[in-house]
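# Remarks on the overall topology
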Amino acid sequence: MALIVQKYGGSSVATPERIKAVAKRALETHKKGNNVVVVLSAMGGETDELISLANQITKAPDPREMDVLLAVGEQKIVALFSMAIKEMGGNARSYLAHQVRILTDPDHGKARIAEIDAEKVCCDLRKDTIAVIAGFQGQDPAGDITTLGRGGSDTTAVAVASAIEADFCEIYTDVAGVFTADPRICSNARKLKKISYDEMLEMASLGAKVLHIRSVEFAKKYNI
């Protein structure tokens, strides 16, 4: 038995059909005897739609209110995903950041995770339940919603994996892996079998969109 954190990006859960497919994958992992925690990004395109809505109201959205708005996407997907798991006969429970107690600094739009209280998640695992956590969001010391920046769900997943001492943190996306270059641009890009933390940090810092740079920093610090 392993303790596994699975993170799925927005393109993986962009439609009801994809949500069901991903829920089936998570449930199959669980049925093999593993404990499973799932971290989700908002459905594909949803965050951009919310940003567009805000820009139709004001050219300079208030950062605090913007975080309240953007957190809606992840709240929506964790509920739908949990419903899908239950429809398939599994047990699941959704959590927002304040429920898991993902504590961050108050830097709205680019907050950094300071601490995670994972007791509720661990309690679910003991009850043979899949915990489904909203990525990308946190709570600052004042109790306000914060967000971690675009791609921040990767960081949520790695931080949660560290907090619960998971055996693996798996990041699922719509590409086959990490390549030497963007395969959609460079036809001779090669998929890498493995990559060091420092190499991935360098790629992320130079603009590679495979992993959120803070997620790699977290993974290196806590050996995830």
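Preceding this paragraph is the structure being described.
So, here's what we can say about the structure.

The rules we used
- Residues numbered from 1 in each chain as written.
- Predicted model: local features only at pLDDT ≥ 70, side-chain atom pairs only at ≥ 80, totals over all residues.
- Heavy atoms only, no water.
- Salt bridge = Lys/Arg side-chain N within 4 Å of Asp/Glu carboxyl O.
- Buried < 20%, exposed > 50% of the residue type's maximum accessible area, 1.4 Å probe, protein only.
- Helix = DSSP H or I, 4+ residues; strand = E, 2+ residues; numbered from the N terminus.
- Polar contact = N/O pair within 3.5 Å; in protein donor to acceptor, adjacent residues only side chain to side chain.
- Expected span 1.5 Å × (residues − 1).
- Arc of directions from axis to C-beta.
- Core = buried A, V, L, I, M, F, W, Y, C linked by side-chain atoms within 4.5 Å.
- Contact = heavy atoms within 4.5 Å.
- Pairing = 2+ DSSP bridges.
- Axes fitted to C-alpha atoms, helices over the stretch in contact; angles between N-to-C directions.

Turning next to the pattern of salt bridges. Applying the stated criterion across every chain, the model contains nine salt bridges. Across the pair Arg184 and Asp182 runs a salt bridge, and its minimum N-O distance is 3.3 Å. Overall, the relative accessible area of 67% leaves Arg184 in the exposed class. Several salt bridges converge on common partners, so that one network encompasses Arg64, Glu65 and Asp144.

Tracing the sequence through the fold places Ser205 in helix H7 (residues 197-205). Assessed through its relative accessible area of 49%, Ser205 is described here as partly exposed. Counting along the chain gives 46 residues from Ser205 to Ala159, while the straight-line C-alpha distance between them is 19 Å. Looking at Ser205, its side chain comes within polar contact range of the main-chain oxygen of Glu202, at 2.8 Å.

Attention now goes to helix H1 (residues 16-31). Counted at 1.5 Å a residue, the expected span for H1 with its 16 residues is 22 Å, and the 22 Å between its end C-alpha atoms agrees. Taken residue by residue, H1 has Ile19, Val22, Ala23, Ala26, Leu27, Thr29 and His30 as its buried positions. The buried side chains of H1 occupy one side of the element, clustering within an arc of 155° when seen end-on. Looking at H1, the residues exposed on the side facing more than 90 degrees away from the buried face are Glu17, Lys20 and Lys31.

Our next topic: the nonpolar core. With 26 residues, the main nonpolar core has Val5, Val37, Ile116, Val121, Ile133 and Ile164 as its most contacted residues. If you list the elements that add at least two residues to this core, you get strand E1 (3-8), strand E2 (35-40), helix H4 (97-100), strand E5 (113-116), helix H5 (119-126), strand E6 (130-134), helix H6 (152-163) and helix H8 (213-222). For this core, the element with the most residues is H6, which contributes five residues. With residues up to four places along the chain from it excluded, the contact list for Ile164 reads Leu3, Val5, Val37, Ala118, Val121 and Cys122. Among the nonpolar cores identified, the runner-up in size contains 21 residues, and Ala26, Leu40, Ile77 and Ile130 belong to it.

For the rest of this paragraph, the subject is the sheet that holds E2. One open sheet holds the five strands; their spatial order is E3-E6-E2-E1-E9, and the pairing between them is parallel. The open sheet has two edge strands, strand E3 (92-95) and strand E9 (168-172), and neither has a second partner. Shown here is a sheet whose adjacent strand axes are inclined to one another by a mean of 20°, direction ignored. Sheet topology places E1 next to E9; five bridges connect them, and they run parallel. Looking at the pairing, Val5 lines up with Cys169 of E9. Docked against the sheet, H5 engages E1, E2, E3 and E6, running at close to 135° with respect to E2. Running at roughly 175° to E1, H6 makes contact with E1, E2, E6 and E9 of the sheet.

Those residues of H5 lying buried are Val121, Asp124 and Leu125. For H5, the angular spread of buried residues about the axis comes to 100°, placing them on one side. At its buried positions, H5 is contacted by E1, E2, E3, H4 and E6. Directly after H5, the chain includes Asp128, whose backbone phi takes a positive value near 65°.

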